[in-house]
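Report on the structure
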Amino acid sequence: MAVNGARRHGARNARAAAGFLLPFAALFLLTFVAPIGYALYQSLLKPERSGPLGLGGTTTAFAGLSNYTHALQDGRFLAGFGRVLLFAAVQIPLMILLATALALLLEAASARWVGFFRTAYFLPYGVPGVIASILWGFLYVPGISPLVEMAQAAGWDVNFLSRGTVLWSIANIVTWQFTGYNMLVLIAQLKAVPQELYEAARIDGAGSWQIARHIKLALIRPALVLTTVFSIIGTVQLFAEPMVLKPLASVIDSGYTPNLHAYHEAFKSNDQHVAAAEAVLIALVACVLSFGFLRLVGRRGDGDGRRDGGGSGA
């Protein structure tokens, strides 16, 4: 009887677990797996026209990998990838460094008005990307921008929307918007650090800089990795900022970023199959960069662990 009771108890637990998991599984399939599957399906199709001059109607046929070949042979699409990779190489380290500095400063023992500054730094994240781009657009356009007027008054000829500077103007918008979000992620990790570690370090004579460098930075490493991965994914999908600034800057064309090019193919050229192939390629690049970064960080962590272990053994 004890065995039967245990089995019934296990069955009830399994049903309860399934009841909790089913809503999540349904939403996951509906909002994640299904769109990816549909994009893959659309990327393997192409329209075929029949009749004289193609006026006999349009049917959908299997295209194989021809849409992917077309996307990879498009120079503007590939140039967009090069542009966002350059963007990521400069903007992501700068943003993570700034978010880390703010998190460490706000969590310092002598910090004052922590709640106010934490809210102030986080507020830009609450502004939608489109609105943030419009706000900064007013600060970039010559003739109405107080920043341009002040620069010209100081003798500087500044054009935030020129070919050489518009990418970094976009980077400024992204940094302004997401630094506070990354800062809160890092602060949450710092809150999880036991205070006893800090007290023990102070007893051993460690100063604030040594605690921040050798304890805080080491223990928030998982949060730094997480925020960097999220930033990489977001950078590859860069869309809202160049889309909003496009009417203001003639150098931003329909292929300025890969996502912008896919949007143009889908809704301007009415070629949703090529756009689907480009969307799949964008997702693949984001996955490769993210997992590549995680692998690189993991190797460095293993190397540090072996060196530490070797030092302890010695």
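Scroll up to find the structure this text is about.
Our subject in this report is the structure included herewith.

Cut-offs used in this document
Here the residue index of a chain counts from 1 through its sequence in written order. With the structure being a predicted model, the display of local features is reserved for residues of pLDDT at least 70 and the display and counting of side-chain atom pairs for 80 or more, all residues being used for whole-chain, interface and lining totals. Side-chain numbers here rest on the full set of heavy atoms in the structure, without hydrogens or water. Under the scheme used here, helices are H or I runs from DSSP no shorter than 4 residues and strands are E runs no shorter than 2 residues, and both carry numbers assigned from the N terminus. Accessible area is worked out with a 1.4 Å probe on protein chains only. A residue is then buried under 20% of its type maximum, exposed over 50%, and partly exposed in between. Contacts: residue pairs with any heavy atoms within 4.5 Å of one another. Computed with a 1.4 Å probe, the accessible areas rest on the Shrake-Rupley method; for each residue, only the protein chains presented here act as cover. A side-chain nitrogen of Lys or Arg and a carboxyl oxygen of Asp or Glu constitute a salt bridge if their distance falls within 4 Å. Joining through side-chain atoms within 4.5 Å is the link that ties buried Ala, Val, Leu, Ile, Met, Phe, Trp, Tyr and Cys residues into a set, and such a set is a nonpolar core. Helix axes are fitted only over the stretch in contact, all axes being lines through C-alpha atoms; the angle between N-to-C directions runs from 0 to 180 degrees. Here the word oblique covers every angle except those under 35 degrees (roughly parallel), over 145 (roughly antiparallel) and from 65 to 115 (roughly perpendicular). In this scheme the crossing of two helices becomes right-handed for a clockwise turn of the near helix relative to the far one and left-handed for an anticlockwise turn of less than a right angle. Note on residue categories: nonpolar means Ala, Val, Leu, Ile, Met, Phe, Trp, Tyr, Cys or Pro, charged means Asp, Glu, Lys or Arg, and polar means any other residue, Gly included. Stacked, tilted and edge-to-face are the three classes assigned to paired rings of Phe, Tyr and Trp, where Trp is represented by its six-membered ring and a pair needs centres within 6.5 Å; plane angles under 30 degrees give stacked, over 60 edge-to-face, the rest tilted. Without a salt bridge and with relative accessible area above 30%, a residue can belong to a patch; like charges are then joined within 9 Å and nonpolar side chains (Val, Leu, Ile, Met, Phe, Trp, Tyr) within 5 Å. Any pair of nitrogen or oxygen atoms within 3.5 Å is treated as a polar contact; in protein, a donor-acceptor pairing is required on top of that, and neighbouring residues in sequence qualify only through side-chain atoms on both sides.

What the protein contains, in helices and strands, is 13 helices and two strands. Counting over 314 residues, the protein shows a buried share of 33%. Considering only residue pairs separated by 6 or more positions, the protein has 67% of its internal contacts joining residues 24 or more positions apart. For the protein, the exposed area adds up to about 19000 Å²; of that, 67% sits on carbon and sulfur atoms.

The subject of this paragraph is the pattern of salt bridges. This structure, assessed with the given rule, holds two salt bridges. Here R118 and E107 are joined by a salt bridge, their closest N and O atoms 3.3 Å apart. Linking R118 in helix 4 (residues 114-122) with E107 in the loop between helix 3 (75-106) and helix 4, this pair joins segments that are 11 residues apart in sequence. Judged by relative accessible area, R118 falls into the partly exposed class, the value being 23%. Under the relative-accessibility criterion, E107 is labelled buried at 19%. For E107, the salt bridge goes to K191, with nearest N and O atoms at 3.5 Å.

The biggest cluster of nonpolar side chains holds 22 residues, and the ones touching the most others in it are A103, M183, L186, L190 and Y198. Going through the elements one at a time, helix 3, helix 7 (166-191), helix 8 (195-203), helix 9 (208-219) and helix 10 (221-236) are the ones with two or more residues in this core. At eight residues, helix 3 tops the list of elements feeding residues into this core. Beyond its immediate chain neighbours, meaning those up to four positions away, A103 contacts M183, L186, I187 and L190. Counting 19 residues, the second-largest nonpolar core is a separate cluster that includes L161, I170, V174 and A249.

Once that is clear, we can look at the packing of helix 3 against helix 7. Put simply, helix 3 and helix 7 touch, their axes get as near as 7 Å, and they point 40° apart. Compared by their axis directions, helix 3 and helix 7 come out oblique. For the crossing formed where helix 3 meets helix 7, the hand is right-handed. Here the contact of helix 3 with helix 7 is composed, by residue class, of 21 nonpolar, five polar and one charged.

It is worth spelling out unusual backbone geometry at this point. The backbone of N270 sits at a positive phi, close to 55°, despite the residue not being glycine. Its location among the elements puts N270 in the loop between helix 12 (258-267) and helix 13 (272-313).

Under the counting rule described, the total for this entry stands at 14 aromatic pairs. The interplanar angle of 40° and the centroid separation of 6.4 Å between the aromatic rings of Y38 and Y41 together place this pair among those described as tilted. Highlighted residues: Y38 and Y41, both in helix 1 (residues 2-43), separated by three residues, approximately one helical turn. Take Y38: its relative accessible area is 53%, and that puts it in the exposed class.

With that out of the way, let us pick up the environment of Y263. Among the secondary structure elements, Y263 is positioned in helix 12. For Y263, a relative accessible area of 28% corresponds to the partly exposed category.

Moving on, we come to a nonpolar patch on the surface. Taken together, the side chains of F24, F28, L29, F32, V33, I36 and L40 present a nonpolar region at the surface, about 650 Å² in accessible area. Its location among the elements puts L40 in helix 1.

Below, the discussion takes up the packing of helix 8 against helix 9. Put simply, helix 8 and helix 9 touch, their axes get as near as 11 Å, and they point 160° apart. By the angle class used here, helix 8 and helix 9 are roughly antiparallel. For the crossing formed where helix 8 meets helix 9, the hand is right-handed. For the pair helix 8 and helix 9, contact is made by L197, Y198, A201 and R202 and by I211, I215, K216 and L219, respectively. Partitioning the contact of helix 8 with helix 9 into residue classes produces six nonpolar, no polar and two charged.

Tracing the backbone shows S43 in helix 1. Given a relative accessible area of 0%, S43 falls into the buried group. Within the structure, S43 has its side chain in polar contact with the backbone oxygen of L40 (distance 2.7 Å). In this structure S43 touches G64, N67, Y68, H273, A276, A277 and V280, once residues within four positions along its chain are discounted.

In short, geometric facts, not functional conclusions.
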